[in-house]
Amino acid sequence: MVAARAFSCLLLLAAAPALAAGQDCKPDPLKGEQLYLRGGMNGWGVLPEYAFRYSCHAWYLNVDLTGRAEFKISDATWRSSSTYGSPANAPGNLLRESQPYRAANGEAPGGANNLSFPFSGQHTVKLVLEGGVPHVTIGPLSFAAPAAPTVREPVALGLRFDSRSLAHKRPFGAQPAGTPLTFSVAAKPGVTRLTLVLEKRRVEGPEDVIDYAEVARVPLVRQGGHWQASHAFAEPAIYGYYFEAEIGGKTYLYQNNAKSVYWTRERGANGPGQVVMAPADRKGVRRFRHTSYARDFRVPAWAKDAVYYYIFPERFRNGDRGNDPKVGVTLYQDKPVEVHASWLDKPYRPGAGDGSDQWGSNDFFGGDIAGIIEKLDYIAGLGANTLYMTPLFKAASNHKYDTADYRQIDPAFGRNEDFKRLVDEAAKRGIRVLPDASFNHSGSDSLYFDRFGKYGTDGAFRGGKINPASPYASWYRFKPEESDPNKQYAGWTGVPDLPELDKSSPAYRRFAGEITRLWLGQGTAGWRMDVAPWVPDDFWREWRKTVKDMNPDAIAVAETWFDASKYFLGDTFDSTMNYIFRNTALDYASGIRAGAIYHNIELIRESYPPQAFYALMNVLSTHDVARSLHYLGHTEGASAQEIALAKQRYRLAIFFQMTFPGAPVIYYGDEVGMTGGDDPLNRMAYPWSDQGGMPDESMLAFVKQMTALRKQHAILRHGSIGAPLHLDDNVIVLARKDGKREALTATNNATVSRTVTVRLPSGFTARRFADALDASAATVGADGKLTLTLAPLSGRLLVAP
């Protein structure tokens, strides 16, 4: 449900700038309150390395970043008065290099939205309060960062280990528990001792807690120019490891690198590491990470063949005007609703000056289940075979994550019978249906909580008062000592509309199991679970058993944004919405250097069990982030040339998505060129031509071509994949093999043609390939090399006959 964007980064501790003679310094207006850069790079958390430093009249932070980012500047508690972001009525949130951006704090009308900036190297982030008005500037690095201690010992510098190289760790990647692993470190003469330090990793919540507990220390044995050790992890878990070396009487560590992974708090992307002096406190050590999963971990076989069509139901199609919300009749909690007269209106944004009221998520267009059924042939014709929809259960808002009744379809969407008809009609067209729910929180306006006293049942907070006699009282945690009703219970992320459910309550767990079985019984293909990290792991273990006991072929999908390895041990989830893939693909398509970001893909290839890796929901757009075309430059006010360029970049992203392992996801309307910034502009209504819309038929034809290509060539869905055959600033070449079938995919994000030469990997026997898009031929030379020319912002699929 969260809206944010992430990037690859390495932070540099900022030193205070030199002051010009006579410069007038001012005392800290926040009186020492610590501010942080909080965004996707750290899970929106509070980390010391992202702390600003106040000097003279401004706050400073040096960063070394790659990729477009969304973030805010805030204190540790998200206090409104010291949270700085984009004003609600701003035409855009994108900062330009070295140009001050007038921001807003959380107390401004509409609050403070995310800021965005296309980082491309070392920068200084600066915040100034001018007369109480915040201005944020991001420009070239302007501070001299203090030098970090460096290792100069040549023997220590000669240590080599690459977790993705079979010469250093085998077998490759995630492995079933009990599999013997061999670790091998290359070293020059002069190493006295090498020890493999093994630890068990613990992650709680949305990475609120990340820690390690040592489980073993294994001596490595010297064998020529390598030191070697073997170990088998007996239990499914995520393990951390690093190497401790004694050289010349001093202790060094060979640890993970400092690369960041999109959305992930812990730095280090595996692959080659780096040597450091052993610190007194090992908490800051960057561990390599290894996934040990259950031997009986099974993912539904159909998942790797899925192409998802992803719908926000309220904005897809109005098929029954008789169930539309009505002004003066329908209520949003205890407030009026707003109903758009035109299907092509922009969604309302409180505080944006668009004439709407002060509340969010209470404006409606009339999309419903009847509209989805009406367009099932369209969805099938697009090439999708799995339909994922955000929640359909009864709820007050337009997004429906504030569930009022888990047993009932929202009346504005239809009836329970309509949902069953949707599942049945979809099945006739070979389409599975995947529903969505949040078991982390309910709505405050719900059968179970009933804050507004609208239900004839005994809600746990009926009429705004704690009700200990309620049958739902144990589902929530209350604070009767508080006088303010908003503080008498915990709202998810502090939002009173979304009271957190007590996932340890036996009564609630029984209910969640009942709901899981109820809708699986309607013929659905599984579940997508909202905000999975906020729910305890033991809840998900129990829930997975419920799912699989009822239908072993049902899929369990988590909403996680960060490295989701912990969910792929075989006891919770099968798949996740792959935001790491999203950011890599879009940043690559936007022109970011491929070599600077591809480590994100390599990390998940190494860390995720193959059955999960091939079932990932590879998204490009979602209802929680700006649409892909907006991200790539099709923003409000963009010129025709800028829009055309953004669309070509988007075609490149689609090509990469459709030819990569995992299940591609098409967010409704992306296939016809829809754009839109952050919520709610990413949730605009589909531009049907019979409603006055102008769908991009050329983009639609391209998407259909790509889904047909994926269906035609099973190697794209099932074929093995290794490290890139070629990776530079612009070009990525990947080899795929499925039995005797062989293929290559190549992409170029440059605005000019590129020609590269690659050597085919060991085991490839083909000497001639045909381009699946234009039927042109490519021949392998006698030396085993193949030369490829790639047009600007495009890709090629070469398939062996």
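Residues numbered from 1 in each chain as written. Predicted model: local features only at pLDDT ≥ 70, side-chain atom pairs only at ≥ 80, totals over all residues. Heavy atoms only, no water.

Digging into the overall build of the chain
Summing up its helical and strand segments, the chain has 14 helices and 45 strands in all. For 801 residues, the compact-globule estimate of 2.2 N^0.38 gives 28 Å, and the C-alpha radius of gyration of the chain, at 27 Å, lies within 12% of that figure. For the chain, the C-alpha atoms occupy an extent of roughly 80 × 75 × 55 Å along the three principal directions. Across the 801 residues of the chain, 60% fall into the buried class. Accessible surface computed for the chain: about 30000 Å², of which carbon and sulfur atoms make up 52%. One finds the centroid of the 91 positive side-chain charges in the chain at a distance of 6 Å from the centroid of its 85 negative side-chain charges. (Helix = DSSP H or I, 4+ residues; strand = E, 2+ residues; numbered from the N terminus. Rg over C-alpha atoms; globule rule 2.2 N^0.38 Å. Buried < 20%, exposed > 50% of the residue type's maximum accessible area, 1.4 Å probe, protein only. Areas by Shrake-Rupley, 256 points an atom, 1.4 Å probe, with all protein chains shown as cover. Lys, Arg positive; Asp, Glu negative; His and termini not counted. Charge placed at Lys NZ, Arg CZ, Asp CG, Glu CD.)

Thoughts on the confidence of the model for the chain
Chain-level statistics for the chain give a pLDDT mean of 93 and a share of 96% at 70 or above. The model gives residues 18-22 a pLDDT under 50, and that stretch makes two contacts with residues more than four places away or in other chains. (pLDDT = per-residue confidence, 0-100. Contact = heavy atoms within 4.5 Å.)

Some points on the packing of helix α7 (residues 579-590) against helix α9 (residues 599-607)
Running from N to C, α7 and α9 cross one another at 150°; their axes reach a closest spacing of 9 Å. Between α7 and α9, the interaxial angle falls into the category roughly antiparallel. The element α7 and its partner α9 pack so that their crossing is left-handed. The segment α7 lies against α9, with Ile580, Phe581 and Thr584 engaging Asn600, Ile601 and Ile604. (Axes fitted to C-alpha atoms, helices over the stretch in contact; angles between N-to-C directions. Parallel < 35°, antiparallel > 145°, perpendicular 65-115°, else oblique. Left-handed = near helix turned anticlockwise from the far one by under 90°.)

Description of the sheet that holds strand β17 (residues 226-232)
Taken in spatial order, the four strands make up an open sheet running β11-β13-β17-β16, and their pairing is antiparallel. Single-partner strands in this sheet number two, and they are β11 (169-170) and β16 (221-223). Alignment of strand β13 (residues 180-186) against β17, held across seven bridges, turns out to be antiparallel. Across the sheet, the residue bridging to Phe183 is Ala229, located in β17. (Pairing = 2+ DSSP bridges.)

Looking at helix α4 (residues 416-428)
Here α4 contains 13 residues, and its C-alpha end-to-end distance of 19 Å stays within 8% of the 18 Å for a straight helix at 1.5 Å per residue. Of all the positions in α4, only Asp418, Phe419, Leu422, Val423, Glu425 and Ala426 are classed as buried. Contacts from the buried residues of α4 go to α2 (369-374), α3 (376-382), β27 (386-389), β29 (403-409), β30 (432-434) and α5 (506-520). Positive backbone phi, approximately 75°, marks Gly430, located one or two places after α4. (Expected span 1.5 Å × (residues − 1).)

Remarks on the pairing of strand β9 (residues 115-130)
Of the strand pairs in this sheet, strand β4 (residues 58-74) and β9 are connected by 13 bridges, and their pairing is antiparallel. Residue pairing across strands places Arg68 opposite Pro118, the latter belonging to β9. Alignment of β9 against strand β10 (residues 133-140), held across eight bridges, turns out to be antiparallel. Paired with Thr124 across the two strands is Gly139, which belongs to β10. If you look at the hairpin formed by β9 and β10, you'll find two residues sitting between the two strands, and Gly131 has a positive phi there, around 60°.

Brief notes about the nonpolar core
With 149 residues, the main nonpolar core has Tyr308, Tyr309, Ile379, Leu387, Phe439 and Trp543 as its most contacted residues. Ranked by the residues each element gives to this core, the list is headed by helix α12 (residues 640-658), at eight residues. Contacts of Trp543, omitting those with residues within four sequence positions, involve Phe439, Thr516, Trp527, Met529, Ala556, Thr572 and Phe573. Listed in part, the 29 residues of the second largest apolar core include Leu198, Phe233, Ala245 and Tyr254. (Core = buried A, V, L, I, M, F, W, Y, C linked by side-chain atoms within 4.5 Å.)

Focus: the state of the cysteines
Under the counting rule described, the total for this entry stands at one disulfide. Across the disulfide, Cys25 is cross-linked to Cys56 (sulfur-sulfur distance 2.1 Å). The S-S bond linking Cys25 to Cys56 shows a torsion near -100°; that makes this disulfide left-handed. On the criterion of sequence distance, the pair formed by Cys25 in the loop between β1 (8-12) and β2 (36-39) and Cys56 in the loop between β3 (53-55) and β4 is long-range, its members being 31 residues apart. According to the relative accessible area criterion, Cys25 is partly exposed, its value standing at 36%. Judged by its relative accessible area of 9%, Cys56 is buried. (Disulfide = S-S within 2.5 Å.)

Examining the sheet that holds strand β34 (residues 575-576)
Reading across the sheet, the four strands line up as β31-β32-β33-β34 and stay open at both edges, with parallel pairing between neighbours. Looking at strand neighbours, the two that pair on one side only are β31 (436-437) and β34, the edges of this open sheet. As judged from the four bridges shared by strand β32 (residues 526-529) and strand β33 (residues 555-558), these two strands associate in the parallel manner. Paired with Trp527 across the bridge in β33 is Ala556. Contacting β32 and β33, helix α6 (residues 537-550) crosses the sheet at an angle of about 155° to β32.

Structural notes on the pattern of salt bridges
Pairs may arise between side chains of opposite charge once their charged atoms sit close together. For the coordinates displayed, the defined rule picks out 53 salt bridges. Between Asp450 and Arg462 there is a salt bridge; the shortest N-O distance is 3.7 Å. With Asp450 in the loop between β31 and α5 and Arg462 in the loop between β31 and α5, the pair connects residues that are 12 residues apart, well separated along the chain. Given a relative accessible area of 0%, Asp450 falls into the buried group. (Salt bridge = Lys/Arg side-chain N within 4 Å of Asp/Glu carboxyl O.)

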